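Summary of structural features
What follows is each chain in one-letter form.
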Amino acid sequence: MRINKNLLIELQYVLHQVIENDEEVLVEHTAPEHPLTFIQGMGMMLPAFEAALVGLEEGDSFDFTLTPEEGYGEVDEGLILSLDKSIFMIDGKIDPELVYEGAYLPMVTGDGGQVQGLVRSIGEEEIVTDFNHPLAGATLHFTGTIERVSEPTPEEQDAILNPHSCGGGCSGCGDGSGSCGHDHSCC
């Protein structure tokens, strides 16, 4: 069966970020016992990721590169904000085990949405926080193998589409950053 819309896909992958001089840095990979599982065409993956898989079948290998525009977009300087240090204080202090350069902090938007912000720097009065996707601006190189292509059973579909209710979902994503190609807006 060839990959097409509404089919259940299980695959193993390795994701590298392409950097200067076409060198690559490992970002993440699936573990053999935890393939990436999704339903093609349901908006769970980056559209260009899904498009690169169309027509492949069980046992096929893949090797493709996504530009920043096809991946997580370019870095949006408007999403790098200097925030008043008091926002991060608990009982008048900043906890250095939680708030430090390089930390990802969960934050709430004005309309109640949750976002992750990367602490870029900590100043006397402000903390510079980056709300871009961790792989914004990155060229992404995916390699891997298709393990399964099938019609999803109702139970599989429910487990994938409702991961919080039954423990399914992002099995190969590791840190939850979404760098695997999964759209983590539901998580």
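Quick note: structure is the one above.
A short tour of the structure in this document, coming up. Since the model is a prediction, treat every value here as computed from it, not as a measurement.

**Details of the overall build of the protein**
Counting its regular elements, the protein contains three helices and nine strands. Counting from the amino terminus, the protein carries its helices and strands in the arrangement β-β-β-α-β-β-β-β-β-β-α-α. A total of 187 residues make up the protein; the buried ones form 38% of that total. Counted over contacts in the protein with a minimum sequence separation of 6, partners at least 24 positions apart contribute 66%. Total accessible area on the protein is roughly 10500 Å²; 50% of this is exposed by carbon and sulfur atoms.

**Overview of the pattern of salt bridges**
Per the counting criterion, the structure on display carries four salt bridges. Note that R2 and E57 form a salt bridge whose closest N and O atoms lie 3.9 Å from each other. Of this pair, R2 sits in the segment before β1 (8-18) while E57 sits in the loop between α1 (47-53) and β4 (61-66), and the two are 55 residues apart along the sequence. Look at E57 and you get partly exposed, because its relative accessible area is 28%. The salt bridge involving R148 is made with E10; its shortest N-O contact spans 3.3 Å.

**Structural notes on the packing of aromatic side chains**
According to the stated counting rule, one finds six aromatic pairs in the structure shown. Note on Y13 and F142: the rings are 6.1 Å apart at their centroids and 55° apart in plane angle, and the pair reads as tilted. Here F142 lies in strand β9 (residues 139-150) and Y13 lies in strand β1, a separation of 129 residues in the sequence. The residues Y13 and F142 share a single accessibility class, namely buried. An aromatic cluster is present here, built from Y13, F38, F49, F62, F64 and F142 joined pairwise through their rings.

**Points about the environment of A103**
By the element assignment, A103 lies in the loop between β5 (80-84) and β6 (104-108). The spatial distance from the C-alpha of A103 to the C-alpha of V119 is 5.4 Å, given a sequence separation of 16 residues. Look past the residues within four positions of A103 in its chain and what remains in contact with it is L98, G117, L118 and V119.

**Some words on the pairing of strand β2 (residues 24-29)**
Each regular strand carries side chains that alternate between the two faces of the sheet. Direction of pairing for β1 relative to β2: antiparallel, over a ladder of five bridges. Its bridge partner lying in β2, H16 is registered against L26.

**Structural notes on the sheet that holds β6**
As summarised here, the arrangement of the four strands in space is β5-β8-β7-β6, forming an open sheet in which the pairing is antiparallel. With partners counted over all chains shown, the strands left at the sheet margins are β5 and β6, one partner each. Taking each pair of neighbouring strands and ignoring which way they run, the sheet shows an average axis angle of 45°.

**Focus on the side chain of T129**
Take T129: it is sitting in strand β8 (residues 126-130). Beyond its immediate chain neighbours, meaning those up to four positions away, T129 contacts L79, I80, L81, L83, F88, G117 and L118.

About the cut-offs
Residues numbered from 1 in each chain as written. Predicted model: local features only at pLDDT ≥ 70, side-chain atom pairs only at ≥ 80, totals over all residues. Heavy atoms only, no water. Helix = DSSP H or I, 4+ residues; strand = E, 2+ residues; numbered from the N terminus. Buried < 20%, exposed > 50% of the residue type's maximum accessible area, 1.4 Å probe, protein only. Contact = heavy atoms within 4.5 Å. Areas by Shrake-Rupley, 256 points an atom, 1.4 Å probe, with all protein chains shown as cover. Salt bridge = Lys/Arg side-chain N within 4 Å of Asp/Glu carboxyl O. Phe/Tyr/Trp six-rings, centres within 6.5 Å; stacked < 30°, edge-to-face > 60°. Pairing = 2+ DSSP bridges. Axes fitted to C-alpha atoms, helices over the stretch in contact; angles between N-to-C directions.

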